[in-house]
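Spelled out from the first residue to the last, the chains are:
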Amino acid sequence: MDGTPQTGIRYPWPEPPAPGETIEVAEGVLWMRLPLPMKLDHVNVYALDDGDGWTLVDTGFSSKKTRAIWQGLIDGPLAGKPVRRVLVTHHHPDHIGNAGWFQSEFGAELVTTRTSWLFARMLTLDVQEVWPEETLDFYRSAGMASEILETRMAQRPFNFADMVYPMPLGFTRIKQGSQIRIGGRDWEVHTGNGHAPEHATLWSKDGDLVLTGDQILSSISPNIGVYPTEPMADPLAEWLESCERLSGLAQPGHLALGGHKLPFTGLPFRMRQLVDNHHSALDRLKDHLDVPKPASDCFLPLFKRKIGEGEYGLALVEAVAHLNHLYHIGEVERDRRADGAWLYQCKG
């Protein structure tokens, strides 16, 4: 980073670290990647050098493969120094998946927000062998394609515990405004919402580093979804509010270290771009709702491309999020179809 003001996005490292290797993105800050078994095929994790040990930021899915990669990193690039802390930005499995392993096997301290810990702990204990009727009703209410619903019903439900290591009791809480020292730097915690509740981002007070997790990503928008646990939620409003609030902290020279894709500079530009993109999507969606339509018929105006089977689930919950937002702000009305699907139409 040369300190030159920049209005656009710049990628200081055009390629990610190879499997099992690291890239030093700042003094004592190592960037690593772990594989994910999905279309978004990786998660970024970071190690910060505390001198006598390491603090890790996020941990990947729980799997023997991922833990073997971690062990190789610890024995190799991390020089065998102990992992003393694990800071988790939010509760999603690709971020908190191995936190319990580091607690149980390494004696590491888990640092995260209270909501992240409560969600993760609750969901790991909530194992379902058959589909809850509430989940199926939610899928029907979103107009899920019948063939996809039938395929899902014939399979064992996804369980959080399938990809998250058992989490022992106990964690250290961070919250909005918390101060924490990691890797020889002082950081301030600012929380976001929308992608995940009480998502922690960390802003260095004595440098140009920001650990953004999934709240702010360089070249994709974080998934903003509604789920059966809270079917009338408005996470898009929460995410837009978070972006506007966090934009006040962003500087062009900040190096943003996100949970996916590449580290980048140009944070103010990117945050405005993310907000504008969602407002544009809402405008396209309103034009699309000239006649009543279910969430499952709203992919094209939102994503501007065909959605494949592997992306269908995330696309559906994001479509519901955008429709819920328009419903809550009074832009659309809705009625039930005979099969249980909500049909949305613009007012007037």
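In every chain, residue numbers begin from 1 and rise along the written sequence. The predicted origin of the model limits local features to residues at a pLDDT of at least 70 and limits the giving and counting of side-chain atom pairs to 80 or more, whereas totals for whole chains, interfaces and linings rest on all residues. The basis for every side-chain value is the complete set of heavy atoms in the structure, and neither hydrogens nor water enter the calculation.

**With respect to the overall build of the protein**
Okay, step 1: The helix count covers DSSP runs of H or I at least four residues long, the strand count covers runs of E at least two residues long, and both are numbered beginning at the N terminus. If you tally the helices and strands in the protein, you get ten helices and 14 strands.
Okay, step 2: For a compact globule the rule gives 2.2 Å times the number of residues to the power 0.38, and the radius of gyration it is set against comes from C-alpha atoms. Rg of the C-alpha trace for the protein: 21 Å, near the compact-globule value of 20 Å for 348 residues, within the 12% margin.
Okay, step 3: Over its C-alpha atoms, taken along the principal directions, the protein stretches across nearly 65 × 50 × 35 Å.
Okay, step 4: In this description, contact between two residues means that some pair of their heavy atoms is separated by no more than 4.5 Å. Counting only contacts in the protein whose residues sit at least 6 apart along the sequence, the fraction spanning at least 24 positions is 65%.
Okay, step 5: For the protein, the accessible area works out to roughly 15,300 Å², and carbon and sulfur atoms hold 52% of it. A 1.4 Å probe and the Shrake-Rupley method give the accessible areas. Residues count as covered only by the protein chains that appear here.

**Considering the side chain of Lys293**
Okay, step 1: Inspection of the secondary structure puts Lys293 in the loop between helix H8 (267-288) and helix H9 (299-303).
Okay, step 2: Looking at Lys293, the relative accessible area reads 10%, which means it is buried.
Okay, step 3: The term polar contact refers here to a pair of N or O atoms within 3.5 Å; inside protein, the definition further demands a hydrogen-donor-capable atom paired with an acceptor-capable atom, and it admits residues adjacent in sequence only when both atoms are side-chain atoms. Separated by 3.2 Å, the side chains of Lys293 and Asp290 make a polar contact.
Okay, step 4: When neighbours within four sequence positions are excluded, Lys293 is seen to be in contact with His288, Trp342, Leu343 and Tyr344. Each residue is assigned to one of three classes by its accessible area relative to the maximum for its type, calculated with a 1.4 Å probe on protein chains only: buried under 20%, partly exposed between the two thresholds, exposed over 50%.

**Some thoughts on the pairing of strand E5 (residues 83-87)**
Okay, step 1: In terms of burial, E5 is a largely internal element, four of the five residues being buried.
Okay, step 2: Direction of pairing for E5 relative to strand E6 (residues 109-113): parallel, over a ladder of three bridges. Residue pairing across strands places Val86 opposite Leu110, the latter belonging to E6. A pair of strands is considered paired only if DSSP assigns at least 2 bridges between the two.

**Here's the deal with the packing of aromatic side chains**
Okay, step 1: Only rings of Phe, Tyr and Trp enter the pairing, Trp through its six-membered ring, and a pair is recorded when the two centres are within 6.5 Å. The plane angle decides the type: under 30 degrees is stacked, over 60 is edge-to-face, the rest tilted. Per the counting criterion, the structure on display carries nine aromatic pairs.
Okay, step 2: Plain terms: the ring middles of Phe102 and Phe106 are 5.2 Å apart, the flat faces sit at 40° to each other, and that makes the pair tilted. Of this pair, Phe102 and Phe106 both sit in helix H3 (residues 99-106), four residues apart, roughly one helical turn.
Okay, step 3: Exposure remark for Phe106: the relative accessible area of 29% places this residue in the partly exposed category.
Okay, step 4: With 5.0 Å between their ring centres and 10° between their planes, Trp117 and Phe171 make a pair best called stacked. Taken together, the residues Trp117 in helix H4 (residues 114-125) and Phe171 in the loop between helix H6 (146-153) and strand E7 (172-174) connect sequence positions 54 residues apart.
Okay, step 5: Members of the aromatic cluster, each reached through a chain of ring pairs, are Trp70, Trp101, Phe102 and Phe106.
Okay, step 6: The ring of Trp54 carries the charged tip of Lys81 above its face, separated from the ring centre by 4.9 Å. Each ring is checked for a lysine NZ or an arginine CZ that lies within 6 Å of its centre and within 35 degrees of its normal; such an atom marks a charge sitting over the ring.

**A closer look at the pattern of salt bridges**
Okay, step 1: Any Lys or Arg side-chain nitrogen found within 4 Å of a carboxyl oxygen on Asp or Glu counts as a salt bridge. Overall, the coordinates contain 16 salt bridges when judged by the stated rule.
Okay, step 2: A salt bridge links Glu241 to Arg245, with the nearest nitrogen and oxygen atoms 2.9 Å apart. Of the two residues, Glu241 and Arg245 are both situated in helix H7 (residues 235-247); the distance of four residues between them amounts to about one turn of the helix.
Okay, step 3: In this structure, a network of salt bridges that share partners links the residues Glu129, Arg156 and Asp162.

**Re the confidence of the model for the protein**
Detailed reading of the predicted coordinates is not advisable wherever pLDDT falls low.
Okay, step 1: Values of pLDDT, ranging from 0 to 100, describe the predictor's confidence in every residue of the model. Of all residues in the protein, 98% attain a pLDDT of 70 or more, and the chain-wide mean is 96.
Okay, step 2: Scored below 50 in pLDDT, residues 1-6 shows eight contacts in the model against residues more than four places distant or in partner chains.

**Focus on the environment of Thr22**
Okay, step 1: You can see Thr22 is positioned in the segment before strand E1 (23-26).
Okay, step 2: Assessed through its relative accessible area of 26%, Thr22 is described here as partly exposed.
Okay, step 3: Each C-alpha atom, one on Thr22 and one on Pro77, is 6.8 Å from the other, the two residues being 55 residues apart in sequence.
Okay, step 4: Setting aside residues no more than four positions away along its own chain, Thr22 makes contact with Pro17, Leu30, Trp31, Met32, Leu73 and Pro77.

**Focus on H7**
Okay, step 1: Each residue after the first adds 1.5 Å to the expected span of a helix. When the terminal C-alpha atoms of H7 are compared, their 18 Å separation across 13 residues agrees well with the 18 Å that a helix rising 1.5 Å per residue should span.
Okay, step 2: Listed as buried for H7 are Pro235, Leu236, Trp239, Leu240, Ser242, Cys243 and Leu246. The arc enclosing the buried residues of H7, seen along the axis, measures out at 160°, which places them on a common side.
Okay, step 3: Looking at the buried side of H7, the elements it contacts are strand E9 (185-192), strand E10 (199-204), H8 and helix H10 (312-328). The directions considered for the arc are those from the helix axis to the C-beta atoms.

**Some words on the pairing of strand E8 (residues 179-182)**
Residues in a regular strand project their side chains so that they alternate between the two faces of the sheet.
Okay, step 1: Covered by surrounding structure in E8 are Ile180 and Ile182 only, the residues Gln179 and Arg181 on the alternate face being uncovered.
Okay, step 2: Relative to E9, E8 runs antiparallel, the two being bridged by four bridges. Bridge pairing in E9 links Ile182 to Arg185.
Okay, step 3: Linking E8 back to E9 in an antiparallel pair, the connection comprises two residues, with Gly183 at a positive phi of about 60°.

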